Amino acid sequence: MKKSSESDKQRKHAIAIVGMSCIFPGAPSLKSFWQNIINSVDSIREAGPDEWDANHYKRKNADFFGRIYCTRGGFISEFADFDPLEFGIMPAGLKGSDPDQFLALRAAAEALQDAGYNHKTFDGSKADMILGRTAAPGIGSMNLIQHGQTVEQVLNVLKAISPQLSKKDLDKIEAGLHESLQQCNADTIPAVMPNIISGRIAAKLGFRGRNLILDAACASSLIAVEIAVQGLLNGQSDIAIAGGLHINSSPYFYQMFCGLGALSNDGTIRPFDDQADGTILGEGVGMVVLKRLEDAERDGNRIYAILTGIGCSSDGRTGSSLAPNVEGEALAMRRAYEMAGVSPRTVELLEAHGTGTRAGDLAEIKAIEKVFAGEENVDAPWCAIGSVKSMIGHTQAASGMAGLIKTALALYFKKLPPTLNVTTANTQIAWSKSPCYINSTAKEWDHHAGKSPRRAAVSAFGFGGVNAHAVLEEYKATAPENNELADPIPNKRSIRLSLRYPELSVGELKIETPKVPAYLKPIAKTEYSQNDKCNEQPAQAETQMGSSQKLINQSESLSRNLEAGRMPALPGSNRAPKSGALDEVRNRQDAGAPGIEPNSMSGAPSTSNDSALSRSTDGVLGPPASRRHNNESLSEAMGGRDVRAPYEDAPITRANRAPYADESISRANRAPYADEPISRSNRAPYADEPISRANRAPYADEPISR
């Protein structure tokens, strides 16, 4: 590889980083982000009420999609502040929009401010805005989908499983579901379109060059930098903002990564550790302001670091688009060093992609060894390696930007930053022969005079086989006298944006339809026998519960019989007594009244008389085909002939008639029955008549006497 001169003269491809800003877990500003890094602050925590209900989704060792086994992440909900009036945006339009639309605008404005452009102007016609963002739907997008599709789908399900719900009830439920969501109107719809993010920034900040959003997964923000650098080098632009954002640590994103088994089982991300078992999701936004080095020096800009080379690649033909590829990663690195004109042997700090997955970390080290060591003998590791993901999680499209900002600050302050959670380095890696060593504590970046400038590199590799690698170096060998980072000017008008995804709810909604009692269960269809099916839903008994809504009367006994393949006689969803009668039936059941089978349908006695039943070919008892439900009217009083027996096509028999608990034996309800002879036990005397010759004898069970 051809080496360039090691002098301080301006190099052909040098791009200056003149402004930066960020919002990352635990850090609402550039200053706090750097302080957290130097102080080894772990900003990963459990999902809280501002994100989503972890208890609702969490399932350890879940083996089906939709359940989450890892509920920790890097969240920024507590820092999602935005002043809409500063940018001429109506506050009413914030709810129902994607919050990354506004947090990206805030970060871009703060980056320009950090570059000194709150006090001086620039040529807007040659200003580009390039932003990396994954295409996953944001909060506003999900809100729109819930309004437009999910509410209707819920209503269709309710209609199918609860046909007793009236139109009035359904209308109330529909209104309640819509009210539980954020607004969706002409003010919010544009703020769910990803391309509007860069367009809004360009409009509000006066950029009239290119503005675009790109999605290259985890490599998005470094590829955004590459596009911005190309525009600067070919003269298409004089200033550019490049950035990355991911405000999307929703339960849906967690469900997806848990479905892939990509998250850590114990909620800890351990890049390059021997116990690494998965990554942790994070969210954030970061921006850098870029200019050609000679222009930045001419304009007196503060220069954090110099970007000397950047390279990108794809994996090409591989076995999986999700698996890391050593050759693809190595190709991006080689291209970056070729552009920079320097040897990777001069790089002393490497901000790795370092996701904390064993396969990914191992592949990355192998790619580094291919490019850094080559065929030369390595006496000892010389390059400190780490990953900011160990502190804030994997921020997806913003991850490359988080690494770039961290590395630029390390060069600016001449410090080697630490990486966390490495107890025992990955034993699959021969660290003694590797170019890299793990730096676990913050320390001064010692550098011998006369050598090349301090150099560092940043990697970002994305799902789908896209890779990016950037090479940076310090601007001056000594740190500036006034190197304190300034926090953005506080704004008391800022509004805290909600980063919680919409959830459908009916809240305190009350409908008039009464609840079905526990001892009643709905039934859609009843099958009597193999050859005789009732395709009509049984008529529903009228009750006087509240507003006299229809209920489907089905007992637990019927459910058990159906499950066992049996159908009890007199199923009678249309034969049940009216209000008040069910309590009397249950009382009679508890008392063990004769002729009443416990738990039978509506208090109807069971029968064993074959004249009242048909027997199907498989031996299951059921009523004959002619005895289908006739929608008989119900009696006004408990125990009347209309509610009890017989059916139109059956004679009165002992099994289906009397006595009832509320009546004495009388001529109207007693005998003779079709299935028995007249005898002393079933004939007389009756309570309503005296003994007489007509009703006395002879009986079948006694001799004739005077």
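Residues numbered from 1 in each chain as written. Predicted model: local features only at pLDDT ≥ 70, side-chain atom pairs only at ≥ 80, totals over all residues. Heavy atoms only, no water.

Caption draft 1: Quick peek at the confidence of the model for the chain. Residues of the chain with pLDDT of at least 70 account for 67%, and the chain-wide mean is 78. Note on residues 1-10: pLDDT is under 50 here. Beyond four places in sequence and across chains, it has 17 contacts. Per-residue pLDDT stays below 50 along residues 519-560; that stretch engages in 85 contacts with residues further than four places along the chain or on separate chains. (pLDDT = per-residue confidence, 0-100. Contact = heavy atoms within 4.5 Å.)

Caption draft 2: Representation of helix H10 (residues 326-340). Helix length check: H10, at 15 residues, gives a terminal C-alpha distance of 21 Å against a target of 21 Å (1.5 Å per residue), a fit within 8%. Those residues of H10 that sit buried are Gly328, Glu329, Ala330, Ala332, Met333, Ala336, Tyr337 and Ala340. Of the surrounding secondary structure, the elements contacted by the buried residues of H10 are strand E9 (305-314), helix H11 (358-373), strand E15 (455-462) and strand E16 (466-473). Of the residues flanking the end of H10, it is Gly341, one or two places downstream, whose phi is positive at about 70°. (Helix = DSSP H or I, 4+ residues; strand = E, 2+ residues; numbered from the N terminus. Expected span 1.5 Å × (residues − 1). Buried < 20%, exposed > 50% of the residue type's maximum accessible area, 1.4 Å probe, protein only.)

Caption draft 3: Focus on the environment of Ser40. With respect to the element layout, Ser40 can be found in the loop between helix H1 (30-38) and strand E2 (45-46). When the C-alpha positions of Ser40 and Thr441 are compared, they lie 7.7 Å apart, and in sequence the two are 401 residues distant. Leaving out residues up to four positions away in the same chain, Ser40 has contacts with Met391, Pro418 and Leu420.

Caption draft 4: View of the packing of H10 against H11. Put simply, H10 and H11 touch, their axes get as near as 8 Å, and they point 40° apart. It follows from the interaxial angle that H10 and H11 lie oblique. Considering how the two elements wind past one another, H10 and H11 form a crossing that is right-handed. Residue-level inspection shows Val326, Glu327, Glu329, Ala330, Met333, Arg334 and Tyr337 of H10 in contact with H11, the latter providing Ala363, Glu364, Lys366, Ala367, Ile368, Lys370, Val371 and Phe372. Residues that form the contact of H10 with H11 fall into these classes: nine nonpolar, no polar and six charged. (Axes fitted to C-alpha atoms, helices over the stretch in contact; angles between N-to-C directions. Parallel < 35°, antiparallel > 145°, perpendicular 65-115°, else oblique. Left-handed = near helix turned anticlockwise from the far one by under 90°. Nonpolar A, V, L, I, M, F, W, Y, C, P; charged D, E, K, R; others polar.)

Caption draft 5: Seen up close, unusual backbone geometry. Residue Ser40 is not a glycine yet carries a positive backbone phi of 55°. Although it is not a glycine, Ala217 adopts a positive phi angle of roughly 55°. Mapped onto the secondary structure, Ala217 falls in the loop between strand E6 (211-214) and helix H7 (220-233).

Caption draft 6: Quick peek at the packing of aromatic side chains. The tally for this structure, following the rule as stated, stands at 17 aromatic pairs. With centroids separated by 5.0 Å and ring planes inclined at 40°, the aromatic side chains of Phe24 and Phe33 adopt a geometry described as tilted. Phe33 matches Phe24 in its accessibility class, with the two residues each being buried. An aromatic cluster is present here, built from Trp34, Tyr304, Tyr412 and Phe413 joined pairwise through their rings. Over the ring of Tyr117 we find Lys120, and its NZ or CZ is 5.3 Å from the ring centre. Looking at Arg345, its charged tip hangs above the ring of Trp382, at a distance of 4.2 Å from the centre. (Phe/Tyr/Trp six-rings, centres within 6.5 Å; stacked < 30°, edge-to-face > 60°. Lys NZ or Arg CZ within 6 Å of the ring centre and 35° of its normal.)

Caption draft 7: Structural view of the sheet that holds strand E5 (residues 127-133). Strand order across the open sheet formed by 11 strands is E6-E5-E7-E8-E1-E9-E16-E15-E10-E11-E13, with mixed pairing between neighbours. Strands at the two margins of the open sheet, each flanked by one partner only, are E6 and strand E13 (436-438). Each strand axis lies, on average, 25° off the axis of its neighbour in the sheet, ignoring direction. Sheet topology note: the strand E10 (residues 349-351)/E15 ladder contains three bridges and is parallel. Opposite Leu350, over in E15, you have Ala457 as the bridge partner. Sheet strands in contact with helix H6 (residues 195-205) are E5, E6, strand E7 (239-246) and strand E8 (284-292), and its direction is about 155° off that of E6. Sheet strands in contact with H7 are strand E1 (15-23), E5, E6, E7, E8, E9, E15 and E16, and its direction is about 170° off that of E7. (Pairing = 2+ DSSP bridges.)

Caption draft 8: Layout of the layout of surface pockets. Put simply, the largest pocket is a space of about 660 Å³. Lining the largest pocket are 39 residues, and of these Cys218, Leu322, His353, Thr355 and Phe463 sit closest to its centre. Class assignment of the residues belonging to the lining of the largest pocket gives a composition of 17 nonpolar, 16 polar and six charged. Reported here for the second largest pocket is a volume of approximately 490 Å³. Around the second largest pocket, the lining comprises 19 residues; the ones closest to its centre are Arg106, Glu110, Pro488, Ile489 and Asn491. Among the secondary structure elements, those contributing two or more residues to the lining of the second largest pocket are strand E4 (81-82), helix H3 (100-114) and H6. No other element matches H3, which puts four residues into the lining of the second largest pocket. Residues belonging to the lining of the second largest pocket are distributed by class as follows: eight nonpolar, four polar and seven charged. (1 Å grid on protein atoms, 1.4 Å probe; cavity = no way out; pocket = protein on both sides within 12 Å on 5 of 7 lines; lining within 4 Å. Points joined across faces, edges and corners; volume = space filled by probe spheres on them.)

Caption draft 9: Quick peek at the pairing of E9. Here E9 lies mainly inside the structure; nine of its 10 residues are buried. Here E1 runs beside E9; their pairing, made up of three bridges, is antiparallel. Its bridge partner being in E9, Ala16 is matched across the sheet by Ile306. Alignment of E9 against E16, held across eight bridges, turns out to be antiparallel. The residue of E16 that forms the bridge with Gly309 is Val471.

Caption draft 10: Structural view of the pattern of salt bridges. Here the structure, examined in full by the defined rule, presents 25 salt bridges. In this structure, Glu78 and Arg45 form a salt bridge, with 3.1 Å as the shortest nitrogen-oxygen distance. Highlighted residues: Glu78 in the loop between strand E3 (72-73) and E4 and Arg45 in strand E2, separated in sequence by 33 residues. Assessed through its relative accessible area of 30%, Glu78 is described here as partly exposed. In this structure, Arg292 and Asp238 form a salt bridge, with 2.6 Å as the shortest nitrogen-oxygen distance. A residue pair is termed long-range when its members are at least 10 positions apart, and Arg292 in strand E8 and Asp238 in the loop between H7 and E7 qualify at 54 residues. The class for Arg292 is buried, based on a relative accessible area of 15%. When salt bridges that share partners are traced, they join Lys126, Asp238, Lys291, Arg292, Asp295, Arg298 and Asp299 into one network. (Salt bridge = Lys/Arg side-chain N within 4 Å of Asp/Glu carboxyl O.)

Caption draft 11: Representation of the environment of Lys443 in the model. Along the chain, the position of Lys443 falls in strand E14 (residues 443-444). Taking the C-alpha atoms as reference points, Lys443 and Lys414, 29 residues apart in sequence, are found 9.0 Å from one another. In this structure, Lys443 is in contact with Lys415, Leu416 and Tyr437, ignoring residues within four places of it in sequence.

Caption draft 12: Representation of the pairing of E1 in the model. For E1, the tally of buried residues reaches nine of nine residues, placing the bulk of the element in the interior. Bridging between E1 and E8 involves eight bridges; their strand directions are antiparallel. Opposite Ala16, over in E8, you have Lys291 as the bridge partner.

Caption draft 13: Inspection of the side chain of Ser97 at higher detail. Mapped onto the fold, Ser97 is located in the loop between E4 and H3. A distance of 2.7 Å separates the side chain of Ser97 from the backbone oxygen of Gly93, its partner in a polar contact. (Polar contact = N/O pair within 3.5 Å; in protein donor to acceptor, adjacent residues only side chain to side chain.)

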